[in-house]
Amino acid sequence: MELKIIDERDISKLRGDALVVGAYEGNRFTEMAKAVDVVMGRLLTALAKDLDFKAKLGDTIYIPSHGKKLKVKNVILVGLGKKKKLDEDGIRKAIFSSLKKAKEIRARDIFFEPLGEGVLGGRCTKAMAEGALLGDYEFRKYKKDNEKIDIESVSILADKSREGLLKLGKVLGEVTNFTRDIVNEPGNAITPNELARIAKELSKEYGFECTVYGLEEIIKNKMNGILAVGQGSKNPPTFTHIAYRPEGAKSKVVIIGKGITFDSGGLNIKPERSMKTMKCDKSGACAVLGIMRAIGEIRPEVEVHGLMPCAENMPSGEAFRPDDIITFANGKSVEIHSTDAEGRLILADALIYGSRIRPDIMIDMATLTGACVVALGSYTTGLFSNDDNLARDLLNLSIKTGEKMWRLPLDEDLRDEIKGDYSDIKNVGSRYGGAITAGLFLKEFVGKDIRSWAHLDIAGPAFLEKPWKYYAKGATGVPVRTVVELILNLNVG
Ligand code: BES
Ligand code: MN
Ligand code: ZN
C-alpha cells in the first residue's frame, strides 16, 4: 500500500476509486463532506438520513458518484464520533473502517480528507498512516489462497508540510507490522538462534553493533537463568545485544524483551488450553527488534541498547526442575518453584546485564503473567516502575498511541511472598497479586543505581484471540509504538 500526501483540495479534480470524507455525531459534516454533498445535489445528506447514519466513530456509508460532477467513483462518509471526544486512536479506528468499506466495494486507490485535522492538527496525519498500515495487516504467509484485497494507494489531501508526520506514522506502522510478523511465526520457524539471526541482519542494515551470545558465552557470562530455562530444549538459548550509539547522544536507554520462542511450561507443563498460542511468548524480544528498526530509520540522538534473552521452555530429560537452585551473576540465589515462571529468570540475566550499561532509562517488555491478564483484561498492559515521572510519561503516551497501559504497584508488603525457603528468593509467590510479585522479582535484578526502570507486562495485549479495534487476531506489536515515541521525546529533550 502506497501512502502519500497530495496537495489538492479541489474535489472535482480527483480521479480514483473512492474519496473518504468525515462527519461528526449529529451529522455535522466536515467542510469537505459539505462540498461533496453540494456537488452531489445533497445526496449524501439524503442517504445519511435514509440509512439512519449517526456518524458514530467508525460508522461508514458509501455512495457511487456515477461520474456526475465528480471523477472519483465513490464517496465514503465515515463517522468521527463526538467532536469533543475525537483522539488519535479515534483517527486510527476511522481510517481502518473506511478502508474496510473501501475493500468491500473493491476500491483500490483512495483519497482521504485529513480526518480530524481541525481537532488534532498535524498528528492526525501520523495517526492516519498508522491506522492504515496496522488495519491492513494480516499474517498470510502460510496461506495459499490469496483472497486478500489490496489497497493500492491512500492519498491524504493535505498540506505538504505534513510530510514529516506522515513519514513518522509510516515508520511506526511498518515496524509494528514487522514485529507482528515475527511474533506470529510459530515455534518451529522461530528459535532463539533465528531471533539472533534476525537481529544480526537488522543490525547490518542499520549499522548497529550486534553481539550474539551462544551457549558457551552464556555459560561464561553466568547468565544462569537463560541457561536453566533453555537447557530442556534441543534449540539452544541465545542472548543478543544490539547497540545504536550515535554521536552526541543526550541520553542512554536500555530496552529488554522476553524471548521465549515457545512456552510449554517446562516440567510444570501447561494444560492444553493455555499452551496453545504460547508462540506469543517471544513478543517482548520481537518488540525490541521492531523498536530498533524504528530507531535505525529515524536515527535520534539517543543511545539505545536492545537486549534479547531468548530460550525455548521445554520439558525433557535435560530440563531444569522444581527445587533447582540457580545463582545469578549478581550473587542472588533463586529456588525454582515452577518451571512455568521462566520469563522472570531469563529477564533477571538481562536486567543485570542492562544495569551494567548504566542507562538513564531501562524498560523491559514481557508476556510475563496470566495474573496481569486477570487483573487488567486482554487489552491493557500492566506498567510497573520505580520512577513516577517515567510512569507518567508512559501512561500519557499510551493514551495517544492507543496501546493502553495501567500502573500497578510494586507493593513491598508482598516481598515476603518471594522469600526463598533454601535460597534468597524463589521464582513464584502465592496466587494473589501474581503480576506484582513477578514485578518484585524483577526488581531484585535491577541495579541499585538505576533510577528509572519500567516493567511492561504485555501478556494480555501482545497477542489477541479475536480481532480488536484495527488489529487482526494474533500479534499486535504492542508496546512498540509507545516505547519508540518515548525514546523520540528524549531526543527533543
Ligand atoms: N508466558 C506465561 C504468561 C502468559 C500467560 C503469557 C498468558 C501470555 C498469556 C508465563 O511464562 C507463565 O507461564 N506464567 C505463569 C506464572 C506462574 C507459574 C507463577 C502464569 O501466569 O500462570
Ligand atoms: Mn511460563
Ligand atoms: Zn512464559
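The rules we used
- Residues numbered from 1 in each chain as written.
- Chains lettered and ligands numbered in written order.
- Predicted model: local features only at pLDDT ≥ 70, side-chain atom pairs only at ≥ 80, totals over all residues.
- Heavy atoms only, no water.
- Helix = DSSP H or I, 4+ residues; strand = E, 2+ residues; numbered from the N terminus.
- Rg over C-alpha atoms; globule rule 2.2 N^0.38 Å.
- Buried < 20%, exposed > 50% of the residue type's maximum accessible area, 1.4 Å probe, protein only.
- Contact = heavy atoms within 4.5 Å.
- Areas by Shrake-Rupley, 256 points an atom, 1.4 Å probe, with all protein chains shown as cover.
- Phe/Tyr/Trp six-rings, centres within 6.5 Å; stacked < 30°, edge-to-face > 60°.
- Lys NZ or Arg CZ within 6 Å of the ring centre and 35° of its normal.
- Disulfide = S-S within 2.5 Å.
- Donors = N, O, S within 2.8 Å, 3.2 Å for Na, K, Ca; no water.
- Tetrahedral: all angles 85-135°; square planar, octahedral: opposite > 155°, others 65-115°.
- Near = heavy atom within 4 Å.
- Polar contact = N/O pair within 3.5 Å; in protein donor to acceptor, adjacent residues only side chain to side chain.
- Nonpolar A, V, L, I, M, F, W, Y, C, P; charged D, E, K, R; others polar.
- Domains from an automatic or database assignment.
- Buried area = accessible area lost by both parts, 1.4 Å probe.
- Salt bridge = Lys/Arg side-chain N within 4 Å of Asp/Glu carboxyl O.

1. Quick notes on the overall build of the chain
- In terms of regular secondary structure, the chain is built from 16 helices and 21 strands.
- For the chain, whose C-alpha radius of gyration is 24 Å, the value lies close to the compact-globule estimate of 23 Å for 493 residues.
- Principal axes of the C-alpha set define a box for the chain whose edges measure 80 × 50 × 45 Å.
- Taken over 493 residues, the chain has a buried fraction of 58%.
- In the chain, the proportion of contacts linking residues at least 24 apart, taken out of those at least 6 apart, comes to 77%.
- When the accessible surface of the chain is summed, it comes to about 20,400 Å², and 50% of that surface belongs to carbon and sulfur atoms.

2. Focus on the packing of aromatic side chains
- Inspection of every chain in the model, using the stated rule, returns 11 aromatic pairs.
- Ring geometry for Phe208 and Tyr244: centres 5.7 Å apart, planes at 70 degrees, overall edge-to-face. Here Phe208 is found in the loop between α7 (192-206) and β8 (209-213), whereas its partner Tyr244 is found in strand β9 (residues 238-244), with 36 residues between them in sequence. Like Tyr244, Phe208 is buried.
- Ring geometry for Tyr213 and Phe239: centres 5.5 Å apart, planes at 65 degrees, overall edge-to-face. Of the two residues, Tyr213 is situated in strand β8 and Phe239 in strand β9; the sequence distance between them amounts to 26 residues.
- Through a chain of ring-to-ring contacts, three or more aromatic side chains come together here, namely Tyr379, Trp468, Tyr470 and Tyr471.
- Over the ring of Phe178 we find Arg293; its NZ or CZ atom is 4.3 Å from the centre of that ring.

3. Some words on the state of the cysteines
- Scanning all chains against the criterion turns up zero disulfides.
- The cysteine Cys286 is free of any disulfide, with Cys310 supplying the nearest cysteine sulfur at 8.1 Å.

4. Some words on the coordination of the manganese ion (ligand 2)
- Coordination of the manganese ion (ligand 2) by the protein comes from Asp263 (OD), Asp340 (O), Asp340 (OD) and Glu342 (OE), over a distance range of 2.1 to 2.2 Å.
- Around the manganese ion (ligand 2) sit six donor atoms, and with donor-metal-donor angles ranging over 71 to 171 degrees the site reads as irregular.
- Along the chain, the residues that donate to the manganese ion (ligand 2) are spaced as D-x76-D-x1-E.
- A separation of 3.1 Å is found between the manganese ion (ligand 2) and the zinc ion (ligand 3), both of which receive a donor from Asp263. Of the two residues, Asp263 is situated in strand β11 (residues 259-263) and Asp340 in the loop between β14 (333-335) and α12 (343-356); the sequence distance between them amounts to 77 residues.
- The exposure class of Asp263 is buried, given its relative accessible area of 3%.

5. Here we look at the site of ligand 1
- Around ligand 1, a shell composed of 15 residues is seen, among which Lys270, Asp281, Asp340, Glu342 and Gly370 lie nearest.
- One of the side-chain N or O atoms of Asp281 is found 2.9 Å from a nitrogen atom in ligand 1.
- Within the side chain of Asp340, one N or O atom sits 2.8 Å away from an oxygen atom of ligand 1.
- Against a free-state accessible area of 520 Å², the protein chains account for coverage of 75% of ligand 1.
- Split by residue class, the shell around ligand 1 holds four nonpolar, four polar and seven charged.

6. Comments concerning the coordination of the zinc ion (ligand 3)
- Here the zinc ion (ligand 3) is held by Lys258 (NZ), Asp263 (OD), Asp281 (OD) and Glu342 (OE), and the distances to it run 2.0 to 2.4 Å.
- Considering all six donor atoms around the zinc ion (ligand 3), the spread of angles at the metal, 78 to 176 degrees, places the coordination shape in the octahedral class.
- The sequence pattern describing where the donors of the zinc ion (ligand 3) fall on their chain is K-x4-D-x17-D-x60-E.

7. A few points about the domain arrangement of the chain
- Domain annotation of the chain identifies domain 1 (2-157) and domain 2 (172-492).
- Using C-alpha coordinates to define each centre, domain 1 is positioned 38 Å away from domain 2.
- Buried area between domain 1 and domain 2, both sides added, is near 1,600 Å², and the carbon and sulfur share of it is 57%.
- When residues of domain 1 are sorted by the area they lose upon contact with domain 2, Leu134, Tyr137 and Phe139 head the list and together hold 40% of the total.
- Of the charged contacts in the structure, one is a salt bridge between Lys141 and Glu185, with a shortest N-O distance of 2.5 Å.
- For the pair domain 1 and domain 2, the interface holds 13 residue pairs in polar contact (both at pLDDT 80 or more).
- Contributing elements (two or more residues each) for the side of domain 1 that touches domain 2: α3 (88-104) and α5 (123-136).
- Top contributing element to the side of domain 1 that touches domain 2 by residue count: α5, with six residues.
- Looking at side-chain class alone, the side of domain 1 that touches domain 2 contains six nonpolar, one polar and eight charged residues.

8. So, the environment of Pro467
- With respect to the helices, strands and loops of the structure, Pro467 is situated in the loop between β20 (463-464) and β21 (474-475).
- If sequence neighbours within four positions are ignored, Pro467 has contacts with Ala472 and Lys473.

9. Focus: unusual backbone geometry
- Of note, the bond from Val478 into Pro479 is cis; its omega dihedral lies within 30 degrees of zero at 5 degrees.
- Along the chain, the position of Pro479 falls in the loop between β21 and α16 (480-492).
- Positioned with a positive phi, Arg299 is a non-glycine residue whose angle comes to about 50 degrees.
- Position of Arg299 relative to the elements: it lies in the loop between α11 (283-298) and β12 (302-313).
- Using a relative accessible area of 41% as the deciding quantity, one classes Arg299 as partly exposed.

10. Considerations on the environment of Lys148
- In this structure, Lys148 sits in the loop between α5 and β7 (153-157).
- Its relative accessible area of 22% is what places Lys148 among the partly exposed residues.
- Between the alpha carbons of Lys148 and Ile260 there is a distance of 31 Å; along the sequence they are 112 residues apart.
- The contacts of Lys148, once residues within four sequence positions are left out, are Asp136, Glu138 and Arg140.

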